[in-house]
Amino acid sequence: MNTIPERNFLNHPTGLKSWLLTLDHKRIGVMYLVGISVAFLLGGIFAVLIRLELLNPARDIMGAQTYNQIFTLHGAIMIFLFIIPGIPVALGNIVLPLLLGAKDVAFPRLNLASWYIYVVGAIMAIVAIFTGSVDTGWTFYTPYSTGTGGSVVLMTLAVFVLGFSSIFTGLNFVVTIHKLRAPGLTWFRLPLFVWGIYATAIIQILATPILGITLVLLILERVVGIGIFDPAMGGDPVLFQHFFWFYSHPAVYIMILPGMGIISELIPVFSHKRIFGYRAIAYSSFGIAFISFLVWGHHMFISGQSPLASMIFSFLTFMVAIPSGVKVFNWTATMYKGSISLETPMLYALSFLFLFTIGGLTGLFLGTLATDVHLTDTYFVVAHFHYVMMGGTVMAFLGGLHYWWPKIWGRMYNEFWAKISTALVFIGFNVTFLTQFVLGTKGMPRRYYSYLDQFQPLHFYSTVGSWILALGFVIMAIYLIRSIFNGKPAGDNPWGAATLEWTTTSPPPTENFAETPVVTHGPYDFEAAGVKPTFSR
Amino acid sequence: MNTKSAEHSVHITPLRVYLTVGIALLVFTAVTVKVSTFHLGSWNAIAALAIASIKALLVALFFMHLIYDKKIYMVVVSVSLIMLGILIALTMADILRRGDIYDYQAHPINPEAKIYGKLAADTTGSSHGESHRSSADTGRGAASETSTAFEQDTSMIESVVEPADSAHGRNDSSH
Amino acid sequence: MNSDSHPAYLAHHFTDIVQQRDSAKLGMWIFIMTEILLFGGLFTAYTVYRVLNPDMFYNAHKHLDITLGTINTIVLITSSVTMALAIRSMQFARKKATLIFLLGTLALAAAFLVIKYFEYSHKIHLGQLPGRFYTFSGIEGTNPHIFFSIYFTMTGLHALHIIGGMIVISLMIFRTARNHFSSEYYTPLELTGLYWHLVDLIWIYLFPLLYLIG
């Protein structure tokens, strides 16, 4: 019989102060998990509102100006408050030291600081929403963003602050991975999630400062009028786009790399088979991280960028697909002749494979200059990035959440309702966004409040899809929260996995391990680890 | 026990190294100021950057101990400099070559294209369906022999597509 | 875990001082990486606008005081030397020498800011200001305010880092005086040193790019 250990990181020490001033990475991770869930809820509400407005070409529930604000906020909140912190802070914080056999991250106080910086940035963003809002789109393009009203300065300052949270988390993770590995845990015995987090951290460290300076320049432009992006003063508005996308393109790999890392954990465990091509997957994470810095101009093909630059960026964009493709093939090969069990985490992993592949392939149309001219700034782009960000990252996040949920809380969620929710999320997502590919190729522009009548049926289907999706998430929230209080005790290793976090109790004690573990086998070496799944429905 | 290993792995830089590097930095400062007074055209910038880089290298290697420490720190710095280089290089690839687009000659739109299905059906069959693959460098993108009706119907499109100086109408249909 | 042989400055999640020190150093170098890129954005903007307006940049830069700029360069280089010597002194547990060199670094940093103050106030007086506040009329070329936008942004951000450095150095002086450091443990001093040398490094590039345009 499984039992929850009497003293674990959740219930000891007690008291509000012990949480607010904690240095325990697991507690910080749990607080982050709550934070990004609230952000996802807020961003999701804005999404539902967008889709409601788009039911009909004419005004449904809001005016055009409000609509511009709502899609801006949907983007800004989802990107800066949910998905970029996302997997690293909510799952990585909790799980990384456990995966490494360490007691904590390298800089626990910096970790706590990262959390509070995130909270400050989030509060600033919320205040900005209510004190004038922002209607520039989450991309803040000049010259509109330098001239329009609203709380652009406060919102960009909020993002600037959030950037520091991201940088410090990345810094912490890199040093932790380098210096705090347990004895025997060599680089090529690391779980692939760790490789994914590492590559993500490098991008966070290198790219985010450029976002910082870009936003500072934008604020100076608005407040002081330095004229750096203003053509009337000899400035170049496209320069803003270069700076902005130099961060924001690698940022999307900050979003996907941890997700890919999670998939690399889920597929071997739920196929009960060693991962195929460990080194290829590990190296491809770094390949993706490096090439991601070389392709930012593919967001600017119609901005007036020079043809030479466009050609270079298009070519490099094709290159970045290669390491991603390597991963997809290796995951598939892992499943081949494996002993596959379709628990919820695996259902999400399979969803990821299917949906991310669609998202990635549609990116090729956008990376090709000739087709991009027609598809850019249409719903095709919207569908593409939702397929990779939601069909990719969010599916992976949900898979990881369900996978590590018993480790964090010591309790299992209700598998039946989990499967219902997964089905609703999968179906709802595809209904919402597959229709948008069609809308895009037919010419529906993005960020438009109103549209031609011929697009109305597809918009209707997309909106209905958003309701199915929302229902799936509501059900998920219910069964997950219930499980914290009523779930069946899960035991140390319900899934029969071979990585270090499953060798300690669920939930773990504050110091993670009773004794420092010594690693003698690879992370997917189920036989050597002598593990079997103990989870039963 | 712990303290022994700490001392063992720490290198203490000799005083003369710090002082020599300091003096070298001051000398290079004087050099760079002097060099800037010569008029070397675009070489001024290169010389200034080269001298600055030597100074930077001295600070990084000796004051910041890179030469004595683990290699990983050098990797860290190098990676950031490479990324900065990429930012500048690819941004300049845009900035410096923005004007290229004005040298591009337009291609006329293929008059047989499906989008004009209705129009092509209206024309009497005198268009020979030569598709134009005129290359950008010759770019004489004039429409080949097409019917007058077609020309009339698409005259607005033609005038938008074609550069102002090319002739409307004939070129030899040998494409 | 023998927590008795465990010095006070060793955090519980590290196994020994070497691991802790190496982690701290790696963390600091990664932070330096982010600073290089932060300023890198401004260097990129500089490159773009200098290439687009080479003559205007040349004309505008003549209004910068090369003497003051050179003095500031000498000041910062010297402060890097004193900073390095401060750390070296603590490696020999010479607390007094450490304090003197730290104070010297602080004083030189202050001198840098004083000189900067004179440069800035002179420009403000003449109306050589960024963007729409530019009112000076003595420079040939279109949009001379661009040079000053870049000048003030780059040197301003640099000056902010000097101020930040001064705060940290003051903290180090306080901690040294309170005997927080020894010949075995002076990691915060090392990290401060790394930061300070970076500030010097950035100026090493700013000086020729802004003051010595040939």
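Keep in mind that what you see is a predicted model, and the values were worked out from it rather than measured. Residue numbers here run from 1 along each chain, matching the order of that chain's written sequence. As a convention, the first chain written is A and the first ligand written is 1, with the rest following in written order. Only residues with pLDDT of at least 70 are given local features in this predicted model, and only at 80 or more are side-chain atom pairs given and counted; all residues enter the totals for whole chains, interfaces and linings.

Where do I start with the overall build of chain B in this structure?
Secondary structure elements follow DSSP: runs of H or I of four or more residues count as helices, runs of E of two or more count as strands, with numbering from the N terminus. From N to C terminus, chain B includes 7 helices and 0 strands. The helix and strand sequence of chain B, counted from the amino end, reads α-α-α-α-α-α-α. Residue burial is a threshold on neighbouring C-beta atoms within 10 Å of the residue's own C-beta, all placed from the backbone, with 20 or more meaning buried, 12 or fewer meaning exposed, and counts in between meaning partly exposed. Counting only residues that meet the buried cut, chain B has 21% of its 175 residues in that class. Once local pairs closer than 6 in sequence are excluded, the contacts in chain B between residues at least 24 apart make up 64%. Whether two residues are in contact depends on their C-beta atoms, placed from the backbone: they are in contact if these lie within 7 Å.

Help me understand the overall build of chain A in this model?
The helix and strand inventory of chain A stands at 17 helices and 0 strands. A principal-axis box enclosing the C-alpha atoms of chain A has dimensions of 70 × 45 × 45 Å. Expressed as a percentage of the 537 residues in chain A, the buried residues total 59%. In chain A, the share of contacts with a sequence separation of at least 24, taken over all contacts with a separation of at least 6, comes to 85%.

What is the right way to read the interface of chain B and chain C from this model?
It is common to give the size of an interface as the accessible area lost on bringing the parts into contact. In this complex, chain B contributes 43 residues to the contact, which on the side of chain C involves 38 residues. Of all the secondary-structure elements, those providing two or more residues to the side of chain B that touches chain C are α1 (2-8), α2 (15-36), α3 (43-63) and α4 (71-95) of chain B. By residue number, the principal contributor to the side of chain B that touches chain C is α4(B), which donates 13 residues. Residue type decides the class: Asp, Glu, Lys and Arg count as charged, Ala, Val, Leu, Ile, Met, Phe, Trp, Tyr, Cys and Pro as nonpolar, and the leftover types, Gly among them, as polar. Tallied by class, residues from the side of chain B that touches chain C come to 28 nonpolar, 13 polar and 2 charged.

Looking at this model, I keep getting lost on the interface of chain C and chain A. Mind explaining?
Each partner contributes residues to the interface: chain C has 26 residues there, and chain A has 30 residues. For the side of chain C that touches chain A, the secondary structure elements donating two or more residues are α1 (17-52) and α5 (145-177) of chain C. It is α1(C) that provides the largest number of residues to the side of chain C that touches chain A, a total of 15 residues. Considered class by class, the residues forming the side of chain C that touches chain A number 11 nonpolar, 13 polar and 2 charged.

Quick question: what am I supposed to make of the packing of helix α12 (residues 344-367) of chain A against helix α15 (residues 415-441) of chain A here?
Think of two packed helices as two axes; the pair is described by the angle between the axes and how far apart they sit. Residues and elements named next belong to chain A. To define axes, lines are fitted to C-alpha atoms, for helices over the stretch in contact only, and angles between the resulting N-to-C directions are given on a 0 to 180 degree scale. Contact pair α12 / α15: the axes reach a minimum separation of 10 Å and the direction vectors enclose 10°. With respect to each other, α12 and α15 are oriented roughly parallel. Every residue of α15 that contacts α12 at T344, L347, Y348, S351 and T362 is listed here: E415, A418, K419, T422, F426 and F437. A class-by-class count of the residues in the contact of α12 with α15 yields 5 nonpolar, 4 polar and 2 charged. Orientation is classified from the angle alone, with under 35 degrees giving roughly parallel, over 145 giving roughly antiparallel, 65 to 115 giving roughly perpendicular, and any other angle giving oblique.

I would appreciate a short explanation of the packing of helix α11 (residues 307-335) of chain A against α4(B) in the present structure.
Taken N-terminus to C-terminus, the directions of α11(A) and α4(B) make an angle of 140°; their axes are 6 Å apart at the nearest point. Taken together, the axis directions place α11(A) and α4(B) in an arrangement best described as oblique. Between α11(A) and α4(B), the contacting residues are A:L308, A:A309 and A:I312 on the first element and B:L90, B:A93 and B:D94 on the second. For the contact of α11(A) with α4(B), the per-class residue count stands at 5 nonpolar, no polar and 1 charged.

What am I meant to see in the nonpolar core here?
All names here are of chain A. In this structure, I77, A125, V174, V194, Y198 and A349 are the most contacted members of the largest nonpolar core, which totals 271 residues. Examining the composition of this core, we find that 22 residues originate from one element, helix α9 (residues 237-271), more than from any other. Residue contacts for A349: discarding those within four places in its chain leaves I263, L266, I267, F270 and G399. Each nonpolar core consists of buried Ala, Val, Leu, Ile, Met, Phe, Trp, Tyr and Cys residues. Their C-beta atoms, within 7 Å, join them into a set.

Which parts of the structure should I look at to understand α9(A)?
Because an α-helix packs 3.6 residues into every turn, residues spaced three or four apart end up facing the same way. Residues and elements named next belong to chain A. Any helix carries an expected span of 1.5 Å times its number of residues minus one. Compared with an ideal rise of 1.5 Å per residue, which puts 35 residues at 51 Å, α9 spans 51 Å between its outermost C-alpha atoms and is within 8% of the ideal. Of all 35 residues that make up α9, 34 are buried, and the element is covered over most of its length. Immediately beyond the C-terminal end of α9, within one or two residues, lies H272, with a positive phi of roughly 45°.

Explain helix α14 (residues 379-409) of chain A to me, please; I cannot follow it from the model alone.
All names here are of chain A. Roughly 40° is the biggest bend found in α14, and it falls at Y403, with proline P406 one to four residues downstream. For α14, a buried count of 30 out of 31 residues is recorded, marking the element as mostly surrounded by other parts of the structure. Trailing α14 by a residue or two, G410 shows a phi angle of about 80°, which is positive. In this analysis the local bend is the angle between axes fitted, respectively, to the seven residues ending at and the seven residues starting at the residue.

Is there a simple way to think about the environment of C:S149 in this case?
Looking at the secondary structure, you find C:S149 in helix α5. Once the C-alpha coordinates of C:S149 and C:L129 are considered, the two residues, 20 residues apart in sequence, prove to be 7.0 Å apart.

Any chance you could explain unusual backbone geometry here in plain terms?
Backbone geometry follows two general trends: most residues other than glycine have a negative phi, and most peptide bonds adopt the trans configuration. Residues and elements named next belong to chain A. Residue T142 is joined to P143 through a cis peptide bond whose omega torsion reads -5°. Of note, the bond from S506 into P507 is cis; its omega dihedral lies within 30 degrees of zero at -10°. Residue placement: P507 occurs in the loop between α16 (456-486) and α17 (526-529). The residue F140 is not glycine, and still its phi comes out positive at about 50°. The topology assignment puts F140 in the loop between α5 (108-130) and α6 (144-147).

What is the right way to look at the confidence of the model for chain B in this model?
Parts of the prediction with low pLDDT should not have their coordinates interpreted in detail. Residue and element names in this part refer to chain B. Per-residue confidence from the prediction method is given by pLDDT, with values spanning 0 to 100. Here chain B shows a mean pLDDT of 72. Residues at 70 or above account for 60%. Across chain B, the element-wise mean pLDDT spans from 42 in helix α6 (residues 148-153) up to 95 in α2. Segment residues 1-8 is flagged for pLDDT under 50; beyond a separation of four residues in sequence, or across chains, it makes 11 contacts in the model. Note that residues 124-175 has pLDDT below 50 and, in this model, 72 contacts with residues that lie over four places away or in other chains. Reported confidence for the predicted complex is 0.92 by ipTM and 0.89 by pTM.

How do you make sense of the environment of A:M412 when you look at a structure like this?
Residue and element names in this part refer to chain A. Inspection of the secondary structure puts M412 in the loop between α14 and α15. For the pair M412 and L480, spaced 68 residues apart in the sequence, the C-alpha separation amounts to 8.8 Å. Leave out the neighbours within four places in its chain, and M412 touches P406, S483, G487, K488, A490 and P494.

Honestly, the environment of A:N2 in this entry has me stumped. Any pointers?
Summarising the element assignment, A:N2 is placed in the segment before α1 (16-20). Taking the C-alpha atoms as reference points, A:N2 and A:P494, 492 residues apart in sequence, are found 9.8 Å from one another.

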